[in-house]
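So the chains spell out like this:
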Amino acid sequence: QVQLVESGGGLVQAGGSLRLSCAASRSIFSMNAMGWYRQAPGKQRELVAAMTSGGSTNYVDSVKGRFTISRDNAKNTVYLQMNSLKPEDTAVYYCNANIGIRRWDYWGQGTQVTVSS
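Every chain is numbered independently, its residues counted from 1 as its sequence is written. Per-residue local features are limited, in this predicted model, to residues with pLDDT of at least 70; the limit for side-chain atom pairs, both in listing and counting, is 80 or more; totals at the level of whole chains, interfaces and linings are taken over all residues. The side-chain numbers reported here are obtained from all heavy atoms of the structure, hydrogens and water having been left aside.

> What should I look at first to understand the overall build of the chain in this one?
Only DSSP runs of H or I covering at least 4 residues are called helices, and only runs of E covering at least 2 are called strands; the numbering of each starts at the N terminus. When its secondary structure is counted, the chain shows zero helices and 11 strands. Ordered by position in the sequence, the α and β elements of the chain form the string β-β-β-β-β-β-β-β-β-β-β. Values of the radius of gyration come from C-alpha atoms, whereas the globule rule sets the reference at 2.2 Å times the count of residues to the power 0.38. For 117 residues, the compact-globule formula gives about 13 Å, and the C-alpha radius of gyration of the chain, at 13 Å, lands near that figure. Here's how the labels work: a residue is buried when its accessible area is under 20% of the maximum for its type, exposed when over 50%, partly exposed in between, all with a 1.4 Å probe on protein chains only. The buried share of the chain, reckoned over its 117 residues, is 41%.

> I keep staring at the packing of aromatic side chains and nothing clicks. Help me out?
Aromatic rings considered in pairs are described by the distance between their centres and by the relative angle of their planes. Pairing of aromatic rings covers Phe, Tyr and Trp, the last counted by its six-membered ring, and requires centre-to-centre distances within 6.5 Å; plane angles under 30 degrees mean stacked, over 60 mean edge-to-face, and any other angle means tilted. This model, assessed by the stated rule, comprises one aromatic pair. A centroid spacing of 4.9 Å and a plane angle of 70° characterise the contact between Y37 and W107, whose relative ring orientation is edge-to-face. Placement of the pair is Y37 in strand β4 (residues 33–39) and W107 in strand β10 (residues 104–107), with a sequence separation of 70 residues. Its relative accessible area of 35% is what places W107 among the partly exposed residues. Geometrically, a charge over a ring is one whose NZ (Lys) or CZ (Arg) sits within 6 Å of the ring centre while staying within 35 degrees of the ring normal. The ring of Y94 carries the charged tip of R45 above its face, separated from the ring centre by 3.8 Å. The positively charged end of R45 is found above the aromatic ring belonging to W107, 4.6 Å away from the centroid.

> Which parts of the structure should I look at to understand the nonpolar core?
Here, nonpolar core refers to any group of buried Ala, Val, Leu, Ile, Met, Phe, Trp, Tyr and Cys residues whose side-chain atoms link them within 4.5 Å. M34, W36, L80, M82 and Y93 are the most contacted members of the largest nonpolar core, which has 29 residues in total. Among the elements of the structure, β3 (18–24), β4, β5 (46–52), β7 (67–72), β8 (77–82), β9 (91–99) and β11 (111–116) are those that each provide at least two residues to this core. Take this core: its biggest share by element is five residues, from β9.

> How do you make sense of the pattern of salt bridges when you look at a structure like this?
Oppositely charged side chains can form a pair if their charged atoms are brought close together. The salt bridge definition used is simple: a Lys or Arg side-chain nitrogen within 4 Å of an Asp or Glu carboxyl oxygen. Going through the model one piece at a time under the given rule, you end up with four salt bridges. The shortest N-O distance in the salt bridge between D61 and K64 comes to 2.9 Å. Between R66 and D89 there is a salt bridge, and its shortest N-O distance comes to 2.8 Å. Here R66, found in the loop between β6 (57–59) and β7, pairs with D89, found in the loop between β8 and β9; they are 23 residues apart in sequence, far enough to count as distant. D89 shares its class with R66; the two are buried.

> Which parts of the structure should I look at to understand the sheet that holds β7?
Two pairing modes exist for strands in a sheet, parallel and antiparallel, and in both the strands are linked by backbone hydrogen bonds. Ordered in space as β1-β3-β8-β7, the four strands form an open sheet in which the pairing is antiparallel. Looking at strand neighbours, the two that pair on one side only are β1 (4–7) and β7, the edges of this open sheet. Strand-to-strand twist of the sheet, defined as the mean angle between neighbouring strand axes without regard to direction, takes the value 15°. The pairing criterion for strands is at least two bridges between them, as found by DSSP. Lines fitted to the C-alpha atoms define the axes, with helices restricted to the stretch that makes contact. Angles between their N-to-C directions range from 0 to 180 degrees.

> For this particular structure, what's the right way to read the pairing of β5?
Strand residues, when the strand is regular, have side chains that alternate between the two faces of the sheet. Note: β4 against β5, six bridges, orientation antiparallel. The partner of A33 across the bridge, within β5, is T52. Counting the residues between successive antiparallel strands, the hairpin from β4 to β5 contains six residues, one of them, G42, with a positive phi of roughly 75°. One ladder, built from three bridges, connects β5 with β6; its direction is antiparallel. Following the sheet pairing, A49 is matched in β6 by Y59. Counting the residues in the hairpin turn of β5 and β6 gives four residues, including G55, whose phi is positive at 100°.

So this is what it looks like as structure tokens:
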């Protein structure tokens, strides 16, 4: 098991930047993948960005070129750098960890990101 704690959300104007952090309670080095999802009111949760244990990354089309996922294995932390934010990026952002042969998913509690126009 692992506990995930997100931080870094907040209110920002369109065009601004935020960096989200996800601190894990154990080593992230061997996790299958870690990622960021988001859920806006009335919408389904969607994958925003993910990084595999090998370092491969994947982004939803709407954030490509604006968001960057990274990790610091020494700090057991995954980051999401969000630049050129748009009002449509407003959502609760959740950290996800996929672990083990059975590919269990673990979630953080979420952090609110609000982008004003």
